[in-house]
Amino acid sequence: KFYLVHTVPNKPQIFNCNMSAFLDSANQLFENCETGKGWEGCKDFCTEDATFECTQIPIKDMNNYAEWMKGLLSGPISESSYEVLSCTYNETQGNEWKNKK
């Protein structure tokens, strides 16, 4: 599982935006993370305290994940690539993922 979660303490999450623009930003964040752009390439898409969750690695925040990927892609797996086979967004579920542990 791969979750990118943005939370603001003590404030409700209300998404009132153009869904196309929202998905474009989410895709750009993913692209920047997975191609090794580091925090510099990701910081415009999330807050400094944005969390990260992945069952395979012990990193808990986007800053460290983005820098970790940058290090991997500039060294041990510099010739790697990825292919997105499926992408979906559930408007009904919205930001409820933040409650999953």
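Above this text sits the structure in question.
Report follows, based on the coordinates.

## Overview of the overall build of the chain
Part 1: In terms of helices and strands, the chain carries 3 helices and 2 strands.
Part 2: For the chain, the sequential pattern of α-helices and β-strands runs β-α-α-β-α.
Part 3: With 101 residues in all, the chain has 23% of them scored as buried.
Part 4: The long-range fraction of contacts in the chain, counting pairs at least 24 apart against all pairs at least 6 apart in sequence, stands at 64%.
Part 5: Accessible surface, the chain as shown: approximately 7,400 Å² in total, 50% of it carbon and sulfur.

## Points about the state of the cysteines
Where two cysteines share a covalent bond between their sulfur atoms, that bond is called a disulfide.
Part 1: Taken as a whole and judged by the stated rule, the model has 0 disulfides.
Part 2: With no disulfide of its own, C46 lies 6.4 Å from the sulfur of C42, the closest cysteine sulfur.
Part 3: For C46, a relative accessible area of 14% corresponds to the buried category.

## Observations concerning the side chain of N32
Part 1: Among the secondary structure elements, N32 is positioned in helix α1 (residues 19-34).
Part 2: Taking relative accessible area as the criterion, N32 reaches 9% and is therefore assigned buried.
Part 3: At a separation of 2.5 Å, a polar atom in the side chain of N32 contacts the main-chain carbonyl oxygen of G41.
Part 4: In this structure N32 touches K37, G38, G41, C42 and F45, once residues within four positions along its chain are discounted.

Scoring rules and cut-offs
- Residues numbered from 1 in each chain as written.
- Predicted model: local features only at pLDDT ≥ 70, side-chain atom pairs only at ≥ 80, totals over all residues.
- Heavy atoms only, no water.
- Helix = DSSP H or I, 4+ residues; strand = E, 2+ residues; numbered from the N terminus.
- Buried < 20%, exposed > 50% of the residue type's maximum accessible area, 1.4 Å probe, protein only.
- Contact = heavy atoms within 4.5 Å.
- Areas by Shrake-Rupley, 256 points an atom, 1.4 Å probe, with all protein chains shown as cover.
- Disulfide = S-S within 2.5 Å.
- Polar contact = N/O pair within 3.5 Å; in protein donor to acceptor, adjacent residues only side chain to side chain.

Honestly, it's all geometry; don't read function into it.
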